[in-house]
Amino acid sequence: MMAAPIPPNHPRRESLLVRERLVEGFRRGLVAVEGLIAHGRGECFDYLLGEETTPPARRAIRAAAAALLVAEKPVISVNGNTAALVPREIVELSRVTGAAIEVNLFYRTREREEAIARWLRMHGASEVLGVGEDASATIPELFSERRRVSPRGILVADTVLVPLEDGDRTEALRAMGKTVIAIDLNPLSRTARAANITIVDNVVRAVPLLVEEARRMRGLGKRRLEEMLRGYDNNAVLQESLRIILERLRRLSSSRLVIDPRG
Ligand code: PTJ
């Protein structure tokens, strides 16, 4: 079924195009039906944040780039939504940082794992972990399908990037001593609060920026990168993200909201 064309001058064109990419991903068998709902929640927070990368998100992106570059064994965990929205950028990020790519699904099915791995390969990935028998290891004390991981990937990783994650797994990965970098538009989610570095931004903006920063910072020495990480404060980033929403709503709530379509 073809999607209705989005007029080029539609005021919400960008957001509608992202939605179409996700729906297309659903039709290709990449995205879980629940993923469509999760995206709606993300859209709502994005709306509140002003649909742009905020200064605290920029700081988190720089720290995330540093963490991936200093890691011994970094892994990018990919779910359905991420694969549908930013496949090329995920492959690019893996190239720039040397991170492995692993499929890890909350609603795991063999078909979807394979469809996502194929899709990532179509976008240039040379190896995709976590598919079929490769997901033979388990994360302790985690009961969702997300517990199944690759013994060559997330199990032995020191740093894991988890776009659109669930709180349980973030906590389980932290309990295993890993550095967790989350991308989550909801600054109040358990994932956002349990991660070491939380990028409160849309994956469609955050991942390309992460690639750009990692490329720029690649030449910096390990000492400099570690110093940047020591100076990073995730609690301040979450508080500031919330404050941006608060201030924006305060400003809007005292401005004229009524629109007169007659001009
Ligand atoms: O592909 P699967 O099987 O692994 O399933 C993926 C979903 C997303 C369905 C699964 O992980 C899930 O149920 O996630 P949650 O618990 O709904 O959490 C998703 C979080 O991502 C929410 O806090 C949303 O606000 C946030 N989010 C949604 N879309 C975006 C986003 N954050 C950044 N960018 C987005 N585009």
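By convention here, each chain's residues receive numbers from 1 onward along its written sequence. Residue-level local features of this predicted model are given only where pLDDT is at least 70; pairs of side-chain atoms are given and counted only at 80 or more, and the full residue set underlies all totals for whole chains, interfaces and linings. Working from all heavy atoms in the structure, the side-chain values ignore hydrogens and water.

1. With respect to the packing of helix 5 (residues 87–97) against helix 9 (residues 203–217)
Here is step 1 of the chain: Angles run from 0 to 180 degrees between N-to-C directions of axes, and those axes are lines fitted to C-alpha atoms, restricted for helices to the stretch in contact. By the criteria applied, helices consist of DSSP H or I runs no shorter than four residues and strands consist of E runs no shorter than two, each listed in order from the N terminus. As a packed pair, helix 5 and helix 9 sit with axes 9 Å apart at the nearest point and diverge in direction by 20°. With respect to each other, helix 5 and helix 9 are oriented roughly parallel. As for how helix 5 packs across helix 9, the hand of that crossing is left-handed. Of the residues in helix 9, those touching helix 5 at Glu-89, Ile-90, Glu-92, Leu-93, Val-96 and Thr-97 are Val-207, Pro-208, Leu-210, Val-211, Ala-214 and Arg-215.
Here is step 2 of the chain: When residues are sorted by character, Ala, Val, Leu, Ile, Met, Phe, Trp, Tyr, Cys and Pro go into the nonpolar class, Asp, Glu, Lys and Arg into the charged class, and all the rest, Gly among them, into the polar class. Partitioned by chemical class, the residues of the contact of helix 5 with helix 9 number 8 nonpolar, 1 polar and 3 charged. Working rule for angles: under 35 degrees goes down as roughly parallel, over 145 as roughly antiparallel, 65 to 115 as roughly perpendicular, anything else as oblique. Handedness of each helix crossing follows the sense of rotation of the near helix against the far helix: counterclockwise by less than a right angle gives left-handed, clockwise gives right-handed. In this description, contact between two residues means that some pair of their heavy atoms is separated by no more than 4.5 Å.

2. Topic: the environment of Glu-102
Here is step 1 of the chain: Relative to the helices and strands, Glu-102 resides in strand 2 (residues 100–103).
Here is step 2 of the chain: Burial status follows relative accessibility: with a 1.4 Å probe on protein chains alone, a residue under 20% of its type maximum counts as buried, one over 50% as exposed, and anything between as partly exposed. With relative accessibility at 0%, the residue Glu-102 sits in the buried group.
Here is step 3 of the chain: Residues Glu-102 and Gly-130 lie 28 residues apart in sequence; the distance between their C-alpha atoms is 5.2 Å.
Here is step 4 of the chain: Apart from the residues lying within four places of it in its own chain, the contact partners of Glu-102 are Val-75, Ile-76, Ser-77, Val-78, Leu-129, Gly-130, Val-149, Ser-150, Gly-153 and Ile-154.
Here is step 5 of the chain: From its side chain, Glu-102 meets the backbone nitrogen of Ile-154 in a polar contact 2.7 Å long. Contacts described as polar in this section are N or O atom pairs within 3.5 Å, which, within protein, must combine one atom able to donate a hydrogen with one able to accept it, while residues neighboring in sequence count only if both atoms come from side chains.

3. A look at the pairing of strand 6 (residues 159–163)
Here is step 1 of the chain: Summarising burial for strand 6: 5 of the 5 residues are buried, a large majority.
Here is step 2 of the chain: What you see with strand 6 is no split at all: Thr-159, Leu-161 and Pro-163 on one side and Val-160 and Val-162 on the other are buried throughout.
Here is step 3 of the chain: Two strands pair under a simple rule: DSSP has to find at least two bridges between them. Of the strand pairs in this sheet, strand 1 (residues 74–78) and strand 6 are connected by 3 bridges, and their pairing is parallel. Residue Val-75 lies in a different strand from strand 6, and its bridge partner there is Val-160.
Here is step 4 of the chain: Handedness of the crossover joining strand 6 and strand 7 (residues 179–183) through helix 7 (residues 167–175): right-handed. Note on handedness: a crossover is taken as right-handed if, strands pointing away from the viewer, the path from the first strand over the helix to the second is clockwise.

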